[in-house]
Structure formats: C-alpha cells, structure tokens
Amino acid sequence: MNEPNHRIRALHTASTVTVYQAYDPRIGLPAARDGRFPAAWKRDRMTWIKPSFLWMMYRCGWGTKEGQETVLAVEISREGFEWALRNACLSHYERGVHPDPAAWKTQLKAAPTRVQWDPERDLHLKPLPHRSLQLGLSGEASRRYVDEWTVAITDVTPLAARIRRLVAEGATDEAAALLPQERPYPLADEMAHIRL
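Small disclaimer: the values here were computed from a predicted structure and weren't measured.

Side note on the sheet that holds strand S8 (residues 150-155)
- Spatial ordering of the open sheet is given by S2-S4-S8, a layout of three strands whose pairing is antiparallel. Looking at strand neighbours, the two that pair on one side only are strand S2 (16-23) and S8, the edges of this open sheet. Each adjacent strand pair in this sheet contributes to an overall mean axis angle of 25°, direction not counted.
- As paired elements, strand S4 (residues 70-77) and S8 share five bridges and run antiparallel to each other. Opposite Ile76, over in S8, you have Thr150 as the bridge partner.
- Relative to the sheet, helix H3 (residues 78-86) contacts S2 and S4, its axis offset from that of S4 by approximately 95°.

Below you can see the structure in the form of structure tokens.
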C-alpha cells in the first residue's frame, strides 16, 4: 500500500494518543514512576513529541544516546493533541500555505506549537519515502501538555532494547511484532494546514 507523504501514524484509542520522548534518567525515571513529569522538567523550553516509535528510536539511538537513555511513551488526551495541531504552525515556510516568508515568521513566533515532518524510519532506522510528524510544544502548549493532557507515562526503554537486539540478530519479523500498532490518525479539515 502506498503511504501518503504526510500522514500522522500513531498508537491511539478513542480518547488518547501515544507520543514518545527520551530523557536523561533523572527526568525519565521519576516521570514513569509517578505518571507525571517531575518539577525538574523545564516548562520554559520547547519540547518535541513524536507519535512514531521508530522515529523516536532513530532520534535517541534506541535509548543509547547521552541524555536520552530513558524512552517514555506518553499517553495524552486526543483533545489536547488536536488542540496542539489546530494551533500549530509549520516549522518551515511553505509557498501556498503562507502568504510570504514574513507572514510565516510572524505566525511561527506567535504559535504555541510547531509541526515538522521528517522521514519515517524502518526497523534498521533507515529513512522511508514518507514522513513522520514531530510536534514542538512551547509556552501554553508545553504547560497544557504536563498539567492537563498527560494521562499516563510508561518507560518503554526495555522494549526499545529488546527490539534493537532482535533486529541485530536478524529476527526482524519478531521485532516488528513488538512494535506499537500505529494507525493513521484522522485529521479534521481545520488541520489541513499542517499536512505539508
């Protein structure tokens, strides 16, 4: 089946969407233990959430990169996720979406969320021809993420290590069977501006 170039694929239920982040254990372990981010989590920084497990594995090196040793699956409300999408600006200027580069810069500065599309990854973390969503949260969006949207936080570092080991051993079918079941996420018409 041909994948569209820009599509959100995520593990989702009727009420939640799972996104991934990787942190230093000093942040990640208390977050997973308590089901909420600790006070040390910096609310004033932009934080990037990723619905794609394999894109997160590419970014954090299966949880081996310094400062990214704890991989978290963060279940957030669909209501919050969709608020973030509705209030997002593309992280780059796109002719036909923005009137001109200056208008895009103004919108980007004001938007609490940013959308970036990066090549999706396969089990070997090689790029695929279609793209995966990254969502940058700042200001109001960042605060809502930690205070309102987060439903549950799970440490999936052991899962990442197990899948990585199976891939290294050539057991790709077994590895693929362990991946989160990410399905296309339905986008309302008012979110069409983020598809490019």
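After that view, the rundown keeps rolling.
Focus: the layout of surface pockets
- Estimates place the volume of the largest pocket at around 530 Å³.
- At the level of secondary structure, the elements contributing two or more residues to the lining of the largest pocket comprise S2, strand S3 (47-49) and helix H2 (53-60).
- The element that contributes the greatest number of residues to the lining of the largest pocket is S2, accounting for three residues.
- When grouped by side-chain class, the residues that make up the lining of the largest pocket number eight nonpolar, five polar and five charged.
- Approximately 260 Å³ is the volume found for the second largest pocket.
- Around the second largest pocket sit 16 residues that line it, and Leu54, Glu120, Leu179, Pro180 and Glu182 are the ones nearest its centre.
- Within the residue set of the lining of the second largest pocket, elements represented by two or more residues are H2, strand S6 (113-121) and strand S7 (127-137).
- Classifying every residue of the lining of the second largest pocket gives six nonpolar, three polar and seven charged.

Cut-off values and rules
Residues numbered from 1 in each chain as written. Predicted model: local features only at pLDDT ≥ 70, side-chain atom pairs only at ≥ 80, totals over all residues. Heavy atoms only, no water. Pairing = 2+ DSSP bridges. Helix = DSSP H or I, 4+ residues; strand = E, 2+ residues; numbered from the N terminus. Axes fitted to C-alpha atoms, helices over the stretch in contact; angles between N-to-C directions. Contact = heavy atoms within 4.5 Å. 1 Å grid on protein atoms, 1.4 Å probe; cavity = no way out; pocket = protein on both sides within 12 Å on 5 of 7 lines; lining within 4 Å. Points joined across faces, edges and corners; volume = space filled by probe spheres on them. Nonpolar A, V, L, I, M, F, W, Y, C, P; charged D, E, K, R; others polar.

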